[in-house]
Amino acid sequence: IFNFYHKKVITRSKFFVKNVMIVGSASECQHFFKNFRNKRYNLKLACIKNPSQSEKQTLNIPHIYLEDNLAFNIKYQKLNQVWIIASNEYSRLPLIEKFANIPIDIITVENTIGISDYFMEKIGNFSLYQTSFTPFYGEAYALKLFIDFILSSVALILLSPIFLIV
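Because the structure is a prediction, the values reported are computed rather than measured.

*Asks:* Could you give an account of the nonpolar core, with specific residues and numbers?
*Replies:* Residues Met21, Ile22, Phe32, Trp83 and Phe99 are the most contacted members of the largest nonpolar core, which totals 39 residues. With 6 residues, strand S2 (residues 41–48) is the single largest residue contributor to this core. Apart from residues lying up to four places away in sequence, tryptophan 83 is in contact with Val20, Met21, Ile22, Val23, Phe32, Phe36, Tyr41, Ile107, Val109 and Leu128.

*Asks:* Could you give an account of helix H6 (residues 139–165), naming the residues involved and the relevant values?
*Replies:* Taking 1.5 Å as the rise per residue, H6 with 27 residues should run 39 Å; its terminal C-alpha atoms sit 40 Å apart, in good agreement. At leucine 159, H6 shows its largest kink, close to 45 degrees, and the proline proline 161 lies no more than four residues downstream.

*Asks:* Talk me through the pairing of strand S1 (residues 18–24); I want residue IDs and the actual numbers.
*Replies:* Most of S1 sits out of view: 6 of its 7 residues are buried. Here 7 bridges tie S1 to S2, and the two strands are oriented parallel to one another. By the bridge assignment for S2, lysine 18 is matched with tyrosine 41. Once the chain exits S1 it traverses helix H2 (residues 26–35) before rejoining the sheet at S2, and the crossover so formed is right-handed.

*Asks:* I'd like to hear about the pattern of salt bridges, residue by residue, with values.
*Replies:* By the definition in use, this model includes 1 salt bridge. Across the salt bridge formed by lysine 144 and aspartate 148, the nearest N and O atoms sit 2.6 Å from each other. Residue lysine 144 and its partner aspartate 148 are located together in helix H6, separated by 4 residues, close to a single helical turn. Its relative accessible area of 36% is what places aspartate 148 among the partly exposed residues.

*Asks:* Please give an account of the packing of aromatic side chains that cites residues and values.
*Replies:* For any pair of aromatic rings, geometry is given as the distance between the ring centres together with the angle between the planes. The full count for this structure, using the stated rule, is 6 aromatic pairs. Look at phenylalanine 72 and tyrosine 76: their rings are 5.8 Å apart centre to centre, the planes differ by 15 degrees, and that puts the pair in the stacked class. Note that phenylalanine 72 and tyrosine 76 are positioned in helix H4 (residues 70–76) at a spacing of 4 residues, about one turn of the helix. Here a set of aromatic residues connected by ring pairs shows up, and it is made of Phe32, Phe36, Tyr41 and Trp83.

*Asks:* Hey, could you go over the side chain of glutamine 81 for me, with residue numbers and the actual values?
*Replies:* Structurally, the position occupied by glutamine 81 is in strand S4 (residues 81–85). Here the side chain of glutamine 81 touches tryptophan 83 through a polar contact of 2.9 Å, side chain to side chain.

*Asks:* Just give me the short version of unusual backbone geometry, but keep the residues and values in it.
*Replies:* Within the chain, lysine 78 stands out as a residue other than glycine whose phi angle is a positive 55 degrees. Assignment of secondary structure puts lysine 78 in the loop between H4 and S4. Assessed through its relative accessible area of 62%, lysine 78 is described here as exposed.

*Asks:* Explain H2 to me, and be specific about the residues and the numbers.
*Replies:* Along H2, the residues that are buried comprise Ala26, Glu28, Cys29, Phe32 and Phe33. What you see down the axis of H2 is that its buried residues fit within an arc of 165 degrees, all on one side. Those residues of H2 that are buried are in contact with S1, S2, helix H3 (53–58), S4, strand S5 (105–110) and strand S7 (126–130).

Reading guide: rules and limits
Counting restarts for each chain, with residues numbered from 1 along the sequence as it is written. Whole-chain, interface and lining totals are the exception, using all residues; otherwise, since this is a predicted model, local features are given only for residues with pLDDT of at least 70 and side-chain atom pairs are given and counted only at 80 or more. Think of the side-chain values as coming from all heavy atoms in the structure, minus any hydrogens and water. What is meant by a nonpolar core is a set of buried Ala, Val, Leu, Ile, Met, Phe, Trp, Tyr and Cys residues, joined one to another through side-chain atoms within 4.5 Å. Categorising residues by exposure relies on relative accessible area from a 1.4 Å probe, with only protein chains included: less than 20% of the type maximum marks a residue as buried, more than 50% marks it as exposed, and the intermediate range marks it as partly exposed. Helix numbering and strand numbering both begin at the N terminus, where a helix is a DSSP run of H or I of at least 4 residues and a strand a DSSP run of E of at least 2. In what follows, a contact means two residues having at least one pair of non-hydrogen atoms within 4.5 Å. By this rule, a helix spans an expected 1.5 Å times one less than how many residues it contains. Throughout, the bend at a residue refers to the angle made by two axes, fitted to the seven residues ending there and to the seven starting there. Any two strands are treated as partners once DSSP identifies two or more bridges connecting them. If you view a crossover with the strands going away from you and the path from the first strand over the helix to the second runs clockwise, you call it right-handed. By salt bridge we mean one thing: a side-chain nitrogen of Lys or Arg within 4 Å of a carboxyl oxygen of Asp or Glu. Note on ring pairs: Phe, Tyr and Trp rings are taken, using the six-membered ring of Trp, and paired if centres are within 6.5 Å. Classes follow the plane angle, with under 30 degrees stacked, over 60 edge-to-face and the rest tilted. Two N or O atoms form a polar contact when they lie within 3.5 Å of each other; inside protein one atom must be a possible hydrogen donor and the other a possible acceptor, and for residues adjacent in sequence the pair counts only when both atoms belong to side chains. The directions from the helix axis to the C-beta atoms are what the arc is built from.

Such coordinate-based values are descriptive only and should not be taken to indicate function.
Rendered as structure tokens:
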């Protein structure tokens, strides 16, 4: 029941619009801005990977570069998601790592549909795949587990008299 209402209210609603930043080469981003149409997603910005001098002069879309302060731009533009355009020209892993410490959803966009557990939806000619990683890994994950254990133990100790009465 919950999944039905979530799908109907959240994913298909016109009230919940997501602000999106596209990451890719200059030509891919311009092509995407021209051809993508969907009322639920607001394409606010493009993050251009390795632009040439001629591309820098001819860009006619709102853009930043990978060398810019990404965390500041994401907060300033109030972005909800980062969409990385899948391409054979470059590897996505270094791009994903640039956003690893920023709490934002990372989604991979492809022109073809494949079979994957991470497939989210198809919008027009574009397929969206969930790519986000949890910010808790390594030492941060161990610290989170330790804090969760301590806080849950304290809560159980404080609430144990109530449990004994009931």
